[in-house]
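Summary of the model geometry
Spelled out, the chains give:
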Amino acid sequence: MQNKGPYYLTTAIAYTSGKPHIGNSYEIVMADAIVRHKRLQGYDCFFQTGTDEHGQKIEEKAAAAGVTPKEFVDNVAGIIRGICDSLNISYDRFIRTTDADHEKQIQKIFKKMYAKGDIYKGSYEGLYCTPCESFWTESQLKDGKCPDCGREVKPAKEEAYFFKMSKYADRLMKYYDEHPEFIQPVSRKNEMVNNFLKPGLQDLCVSRTSFKWGIPVDFDDKHVVYVWLDALSNYITGIGYDADGNSSEQYKKFWPADLHLVGKDIIRFHTIYWPIFLMSLEEPLPKKIFGHPWLLQGGEKMSKSRGNVIYADDLISLYGVDGVRYYVLHEMPYENDGTITWELMTERYNSDLANVLGNLVKRTVSMTNKYFDGVVKKTGAEGDVDADLKAVVTAARDNVAKKMDDLRVSDAIDEVFAIFKRSNKYIDETEPWTLAKDEANNDRLSEVMYNLTESIIIGANLLYPYMPETADAILAQLGGSEKRDYDDLDKFGLLASGTKVTAEPETLFARLNIEDIMKRVEEIRAAQKAEYERENGVTAEEGSKEAASDDAIDIEPKDIITYDDFAKLQLQVGEIISCEAVPKSKKLLCSRVKIGSKVRQILSGIKANYSPEEMVGKKVMVLVNLQPREIAGLTSEGMILCAEDAEGKLAIMVPEREMPAGAEIC
């Protein structure tokens, strides 16, 4: 295969304040699937992930644990790297911001920016959020709290160095315009422009004196380099950047990065701060930054005191590595948040992995052994249904590639599984057990088994980026253990006639019993609660009450209604096909909502919580038979249902599972 050139992919580096849950680990699995696919295509890839290890929060946690900050981060970084390894992540470098080569370059970078006049010394007085390690002005707060995490902020004042962000704002805006692919999805770009660039960028605090756990500014050692300049620069220091101009050949080969994969919550730092830092260093900007959605736990607040935090290692113990990889990749939409629960995980495992894939492979191997002593032979005895099977199989490679190029990983897996689903249908169409009853059908039966085996082998090769261990196991069972050249995955019939399958088919995915799973989940929850008690010196029940007080809301019931009253409400699922802000309104968005075959216009006071771009494509719950009403000169033909917390933040009510537009809510 021809080398298609270098490809450099990074994830955000995980903060070492504690063990990450599966919502944090999702990103690394997605990145691994992307880079494995690129390697399959023939790219020379470099894949970097790692840990962010400095800051006030680490210093405080280490003191509370009675260890040094370095001892604390060594332990947590080991846990995070262990999770990566357990998920079969094929990274090329696991960088730590305490690595000596990184720390040395950060000091050089800081000095270079200072010498250029982009960094200056001043003092900072503002409102500080310790968990986010961010200063905020009063106007930036949401309901008096940190706009990022919703926690309390405290007044703080200290001497600091600042970066002149505004110096590069116009240049960054121009770059956005000239490179529309730079920020994905596009709704993230609109958010950056409207919320940060257009209002004007404030100078950024890039050093601190109130704590010591950080990289010292070597020409002013009472200062340590502040988190974002330190953390973001790992993307270049990890591949050999040198601020003195002596960068490595590896850096020259792989920079600029092809893709920074980050969570949507830190997209601002990667699409505003990071490109401006690079402009200051006169280095090229990365080609693309994708702000992926979140993987949420069924709407329930996660807390160790409640015992309901889902970790990757617990999932792996029940579903296996590839079972976990499949779920988190398949259940994450391109732009909207995904959901994970033990029940949903088990359901998907049984339906897709055990029934569709595992059963297909086992049936095929078993029938080949039963009818032909395990030998797969091509006879040329074709049937009417063969052409459609082959069309699905040979189209899959390019369909997968298109979805992966667009970073629609969930859709790409669906394209692979289209092969397996079509193969199962092919078995039902050809009925090998019926053909086997008449020896005159022997050649046709042999051709059917050949077509099935060939289809599954091509599917397994395409499955490799997402479920590598499973792909290898399938190929081993079907006598095609050598992976095919990617360029040949659109060709049908390359399996050598006379290939022998394994004599004993392996059960790839045994069906799981939800009752057994939930018994194990209860043990996991009990262990979490016990750990919480050891760490905090209070009972889990006390901790749960404290956690519950953070998000529980008591509302006095309004007038009691009868069942007849309730029966008058017509609630249906709607799909938002377009949305725009209502001119001169601070609160209203105007959505066009498809409900069944009809489209309605609905106005909602949700502008403070949702942008028009992120509303498009959402499935929402709608009160349909509400009398139309004129609002701000527009007609509203229904109501989109929302929940409101104690701070006035709104969340749109969405169906837990995929439902068609028009489905009745009952």
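Figured I'd write up the structure that's included with this text.

Analysis parameters
Residues numbered from 1 in each chain as written. Predicted model: local features only at pLDDT ≥ 70, side-chain atom pairs only at ≥ 80, totals over all residues. Heavy atoms only, no water. Helix = DSSP H or I, 4+ residues; strand = E, 2+ residues; numbered from the N terminus. Rg over C-alpha atoms; globule rule 2.2 N^0.38 Å. Buried < 20%, exposed > 50% of the residue type's maximum accessible area, 1.4 Å probe, protein only. Contact = heavy atoms within 4.5 Å. Areas by Shrake-Rupley, 256 points an atom, 1.4 Å probe, with all protein chains shown as cover. Phe/Tyr/Trp six-rings, centres within 6.5 Å; stacked < 30°, edge-to-face > 60°. Lys NZ or Arg CZ within 6 Å of the ring centre and 35° of its normal. 1 Å grid on protein atoms, 1.4 Å probe; cavity = no way out; pocket = protein on both sides within 12 Å on 5 of 7 lines; lining within 4 Å. Points joined across faces, edges and corners; volume = space filled by probe spheres on them. Salt bridge = Lys/Arg side-chain N within 4 Å of Asp/Glu carboxyl O. Core = buried A, V, L, I, M, F, W, Y, C linked by side-chain atoms within 4.5 Å. Pairing = 2+ DSSP bridges.

Moving on, we get to the overall build of the chain. When its secondary structure is counted, the chain shows 22 helices and 27 strands. By the compact-globule yardstick of 26 Å for 666 residues, the chain fits well, its C-alpha radius of gyration being 28 Å. Referenced to the eigenvectors of the C-alpha coordinate spread, the extents of the chain come out at roughly 90 × 75 × 55 Å. For the chain, with 666 residues in total, the buried portion stands at 51%. Within the chain, contacts between residues at least 6 apart in sequence are counted, and of these 75% link residues at least 24 apart. By element, 48% of the accessible surface of the chain is carried by carbon and sulfur atoms, the whole surface being about 30300 Å².

A few words on the packing of aromatic side chains. A complete count under the given rule lists 28 aromatic pairs for this structure. Measuring from centroid to centroid gives 5.3 Å for Phe417 and Phe420, while their planes differ by 90 degrees, and the two rings are edge-to-face. Taken as a pair, Phe417 and Phe420 lie in helix α15 (residues 409-430) at a separation of three residues, close to a single helical turn. For the pair Phe417 and Phe420, one class covers both residues: buried. Through successive ring pairs, a cluster of aromatic residues spans Tyr8, Phe46, Tyr235, Tyr241, Tyr251, Phe254, Trp255 and Trp274. The aromatic ring of Tyr43 is capped on one face by Lys38, whose charged end is 4.7 Å from the ring centroid.

Okay, the layout of surface pockets next. In this structure, the second largest pocket spans a volume of roughly 290 Å³. Considering the residues around the second largest pocket, the lining is formed by 15 residues, among which Leu603, Ser604, Ile631, Gly638 and Met639 are closest to the centre. Counting only elements with at least two residues in the lining of the second largest pocket, the list comes to β20 (598-604), β22 (629-631) and β24 (639-640).

Bringing the pattern of salt bridges into the picture now. According to the stated counting rule, one finds 42 salt bridges in the structure shown. The residue Glu159 makes a salt bridge to Lys121 at a minimum N-O spacing of 3.7 Å. Residue Glu159 is found in strand β7 (residues 154-163), and its partner Lys121 is found in strand β5 (residues 119-129); the two are separated by 38 residues along the sequence. Note on Glu159: relative accessible area 27%, which makes it partly exposed. By relative accessible area, which is 42% here, Lys121 ends up partly exposed. The shortest N-O distance in the salt bridge between Glu447 and Lys378 comes to 3.3 Å. Of this pair, Glu447 sits in helix α17 (residues 442-463) while Lys378 is found in the loop between β16 (375-376) and α14 (386-405), placing the two residues 69 residues apart along the sequence. Put simply, Arg397, Asp398, Asp488, Asp490 and Lys491 are held in one network by salt bridges that share partners.

Quick look at the nonpolar core now. Phe420 and Tyr466 are the most contacted members of the largest nonpolar core, which totals 105 residues. Sort the elements by how many residues they give to this core and helix α13 (residues 342-372) lands first, with 13 residues. In this structure, Met165, Tyr176, Phe182 and Val227 belong to the second largest nonpolar core, which totals 62 residues.

In this section: the sheet that holds β7. Sheet architecture is open: four strands sit in the order β6-β5-β7-β9, paired in antiparallel fashion. Edge positions in the open sheet fall to β6 (134-136) and β9 (204-205), since each of these has one partner strand only. Relative to β6, β5 runs antiparallel, the two sharing three bridges. Across the sheet, residue Leu127 finds its bridge partner in β6, namely Trp136.

The next subject is helix α18 (residues 468-477). In terms of burial, α18 is largely enclosed, as seven of its 10 residues are buried. When we look at burial in α18, the residues that qualify are Pro468, Thr470, Ala471, Ala473, Ile474, Leu475 and Gln477. Against the buried residues of α18 lie α1 (22-41), α12 (321-330), α13 and α17. Gly479 sits one or two positions beyond α18 and adopts a positive phi of about 75 degrees.

On to the side chain of Lys619. Checked against the element boundaries, Lys619 lands in strand β21 (residues 619-623). Aside from chain neighbours lying at most four places away, what touches Lys619 is Val573, Gly574, Glu575, Met653, Val654, Pro655, Glu658, Met659, Pro660 and Ala661.

Turning next to the side chain of Asn350. Residue position: Asn350 is located in helix α13. Excluding its chain neighbours within four sequence positions, the residues that come into contact with Asn350 are Asn355, Arg511 and Leu512.

The next subject is the pairing of strand β18 (residues 571-581). Taken together, the five bridges between β18 and β21 define a ladder with antiparallel strand orientation. Counted as the bridge partner of Leu571 is Leu623 from β21. As paired elements, β18 and strand β27 (residues 664-665) share two bridges and run antiparallel to each other. If you follow Leu571 over to β27, its bridge partner there is Ile665.

What follows is about unusual backbone geometry. Peptide bonds are, in most cases, trans, and in most cases residues other than glycine have a negative phi. Note that the residue after Gln184, namely Pro185, is joined by a cis bond; omega there is -10 degrees. You can see Pro185 is positioned in the loop between β8 (183-184) and α6 (186-197). The phi torsion at Asp143 lies on the positive side, around 55 degrees, for a residue other than glycine. Locating Asp143 in the fold gives a position in the loop between β6 and β7. Of note in the backbone geometry, Glu282 takes a positive phi value of approximately 60 degrees without being a glycine. Relative to the elements of secondary structure, Glu282 occurs in the loop between α10 (267-281) and β13 (289-292). Taking the relative accessible area as the measure of exposure, Glu282 reaches 63% and is therefore exposed.

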